[in-house]
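Fold and contact review
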Amino acid sequence: MKQQTAQTKTKRGTPDFQLLILTLLLVGFGLVMVFSSSSSIAIANKNFNNDALFFTKKQLMWAVIGLVGMFFAMNIRFNKYKKLYAPFFLFTTVMLLVVLVSGAMLNGARSWIRIFGFSVQPAEFAKIAIILYLAALITKKGERFRDLKTGYIPVLVIVGFIAGLIMLQPDFGTCFILVATCGLVIYAGGASMKHIMGSILLVVLGGALALGANALFSSVSTPDTTTAPATEATQSYKIDRIHAFLDPLSDKTGGSLNLYRSLVAIGDGGITGSGIGQGTMKLHYLPNAYNDFIFSVIGEELGFVGTALFLLVYLYFIWRGIIVSLRCPDPFGTLVGIGIMGLIAIQAFINIGGVTQTIPVTGVTLPFISYGGTSLFVMMVAMGILLSISRTNNLDVIKEEKTKSVTVQTSRTSPALRSRDSIRRIR
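Residues numbered from 1 in each chain as written. Predicted model: local features only at pLDDT ≥ 70, side-chain atom pairs only at ≥ 80, totals over all residues. Heavy atoms only, no water.

**Side note on the overall build of the chain**
- When you go through the chain residue by residue, the secondary structure sums to 14 helices and 3 strands.
- Looking at the chain residue by residue over its 427 residues, the buried ones come to 44%.
- Taking all contacts inside the chain whose residues are at least 6 apart in sequence as the whole, residues at least 24 apart take part in 73%.
- Surface accessibility of the chain: about 22,200 Å² in total, with carbon and sulfur atoms responsible for 67%. (Helix = DSSP H or I, 4+ residues; strand = E, 2+ residues; numbered from the N terminus. Buried < 20%, exposed > 50% of the residue type's maximum accessible area, 1.4 Å probe, protein only. Contact = heavy atoms within 4.5 Å. Areas by Shrake-Rupley, 256 points an atom, 1.4 Å probe, with all protein chains shown as cover.)

Spelled out as structure tokens, the structure:
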């Protein structure tokens, strides 16, 4: 009876404690920074009910929903995601199609739809759906994945299809993150390097041709009074971002405004920063301070020391997730974990790189930190999947320890095993 009880208790391993705590810490820190960067804007705007906690309340609501989703995902055995990926992928694809037809237009992109009274961004769900799909497909194909026709091309077609739907919104930043993450999963899955390099060359060539055709078409086509202004504004906005990256001082009141003020905010932080809530650039100077440019607020209010500490915690969090992924005995779990942590790392690099002039600004959120309900929810559910993988890892460790314990106890009571062990020691 006691043995049965012990087996029941150890049927599920415990989640990786460090990874769980780090996730909660990042979410909590994000809530603090959302309040710090948005309160002054919200309290002075009637559209936000003059409520300093307007954005913080919404972010907190999504954090609670995300917490429920994370614990739910954490309690599903990760090998069941091999079956769940198909309906989830199909549902996400349908949402991507729906958003192109009836999605809400925001910042020149049709990316949002209403579901059960909530505004959600289907492209965020697509990031996790494609990771699960690729991990399951690559694992199923096994060695056949290295074959160009039967293995690599079918995977590439799926990635291209989803990326194409996102580009039609258009959302270049999310599309780039998705493609880069898929590339990481495909590489980790054992794809041939010559196939990968050929794909990169095709993507670069295709992108150049698409941009050239678009520029040519825009220059020779007859303007439409209903769509031309929006199209021209979108194209001008993209060009301004490139110019701002090349020279943020070229137009401090125009296209370079956001990046210029972002760099000023980070520079004003100095060594120790002005203190949480004491920054000035967020006071109607830096647009989207609580979203795309929240790292600039962190730099101003926490300074070099605080920012460096934050980045170290972030790096350790990513490193810990990779370690958990590599320890998984199932290739499917390893690929899913690598994909999730790669997604977080790539998106964080693009966000931080954009606001620090390392790369052009693309307008993506900083995972777990920036304001954005769908992004936060999806990232927390993704961590729930990774924590589910860690539970399986810990269960295997418990089983190994029990096996060793039983062997030791048996050797103490069995003369034959004691003699065998003695002979081995002598040899």
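**Observations concerning helix α12 (residues 331–355)**
- Given a rise of 1.5 Å per residue, 25 residues ought to cover 36 Å, and the 36 Å separating the end C-alpha atoms of α12 matches this to within 8%.
- For α12, the N-terminal capping position is held by D330, with its side-chain oxygen 2.9 Å away from the main-chain nitrogen of F332.
- After α12 finishes, the residue Q357 shows a positive phi value of roughly 65 degrees. (Expected span 1.5 Å × (residues − 1). Polar contact = N/O pair within 3.5 Å; in protein donor to acceptor, adjacent residues only side chain to side chain.)

**Looking at the pattern of salt bridges**
- Applying the stated rule across the entire model yields 5 salt bridges.
- Ionic pairing is found between D51 and K57, a salt bridge with its closest N-O pair at 3.0 Å.
- Given a relative accessible area of 21%, D51 falls into the partly exposed group.
- Of the charged contacts, one joins K82 and D330 as a salt bridge, the two residues approaching to 3.1 Å between their closest N and O atoms. Separated by 248 residues along the polypeptide, K82 in helix α4 (residues 81–102) and D330 in the loop between α11 (294–326) and α12 bring together distant segments of the chain.
- On the basis of relative accessible area, K82 is assigned to the partly exposed category, the value being 31%.
- On the accessibility criterion, D330 (18% relative accessible area) is buried. (Salt bridge = Lys/Arg side-chain N within 4 Å of Asp/Glu carboxyl O.)

**Comments concerning the packing of helix α5 (residues 122–141) against helix α7 (residues 172–188)**
- Viewed as axis vectors pointing N to C, α5 and α7 meet at an angle of 15 degrees, and their least axial separation amounts to 10 Å. Of the possible angle classes, the one that applies to α5 and α7 is roughly parallel. Viewed along their axes, α5 and α7 form a crossing whose handedness is right-handed. From α5, A123, A126, K127, I130, I131, L134 and I138 reach across to α7, where they touch T174, I177, L178, T181, C182, V185 and I186. (Axes fitted to C-alpha atoms, helices over the stretch in contact; angles between N-to-C directions. Parallel < 35°, antiparallel > 145°, perpendicular 65-115°, else oblique. Left-handed = near helix turned anticlockwise from the far one by under 90°.)

**Describing the confidence of the model for the chain**
- In this model, the chain carries an average pLDDT of 79, and 76% of its residues clear a pLDDT of 70 or more.
- In this model residues 221–234 is a low-confidence stretch, pLDDT under 50, and it forms 3 contacts with partners more than four residues away in sequence or in other chains.
- The model gives residues 405–427 a pLDDT under 50, and that stretch makes 6 contacts with residues more than four places away or in other chains. (pLDDT = per-residue confidence, 0-100.)

**A look at the nonpolar core**
- Y314, F317, F368 and M383 are the most contacted members of the largest nonpolar core, which totals 105 residues.
- Top contributing element to this core by residue count: α5, with 14 residues.
- Discounting residues that sit within four places of it in the chain, M383 has contacts with L19, T23, M70, F317, I340, M341, I344 and F368. (Core = buried A, V, L, I, M, F, W, Y, C linked by side-chain atoms within 4.5 Å.)

**Looking at the packing of aromatic side chains**
- A full pass over the atoms with the stated rule returns 18 aromatic pairs.
- Note on F29 and F310: the rings are 5.4 Å apart at their centroids and 35 degrees apart in plane angle, and the pair reads as tilted. Pair noted here: F29 is in helix α2 (residues 17–43) and F310 is in helix α11, with a separation of 281 residues, a long-range link.
- Overall, F310 belongs to the buried group, its relative accessible area being 7%.
- Look at Y85 and Y133: their rings are 5.5 Å apart centre to centre, the planes differ by 70 degrees, and that puts the pair in the edge-to-face class. (Phe/Tyr/Trp six-rings, centres within 6.5 Å; stacked < 30°, edge-to-face > 60°.)

**Section: the environment of F71**
- Within the secondary structure layout, F71 lies in helix α3 (residues 54–74).
- In this structure F71 comes out as partly exposed when scored by relative accessible area, which is 32%.
- Put simply, F71 and I385 are 314 residues apart on the chain and 9.0 Å apart in space, counted from C-alpha to C-alpha.

**Quick look at unusual backbone geometry**
- You will see that N49, though not glycine, has its phi angle at about 60 degrees, which is positive.
- Phi is positive for N50, close to 50 degrees, though the residue is something other than glycine.
- Within the element layout of this structure, N50 appears in the loop between α2 and α3.
- Classification of N50 as partly exposed rests on a relative accessible area of 40%.

**Focus on α4**
- With 22 residues, α4 ought to run about 32 Å at 1.5 Å a step, and its terminal C-alpha atoms sit 30 Å apart, in line with that.
- Those residues of α4 not exposed but buried are Y81, Y85, F89, T92, T93, M95, L96 and V99.

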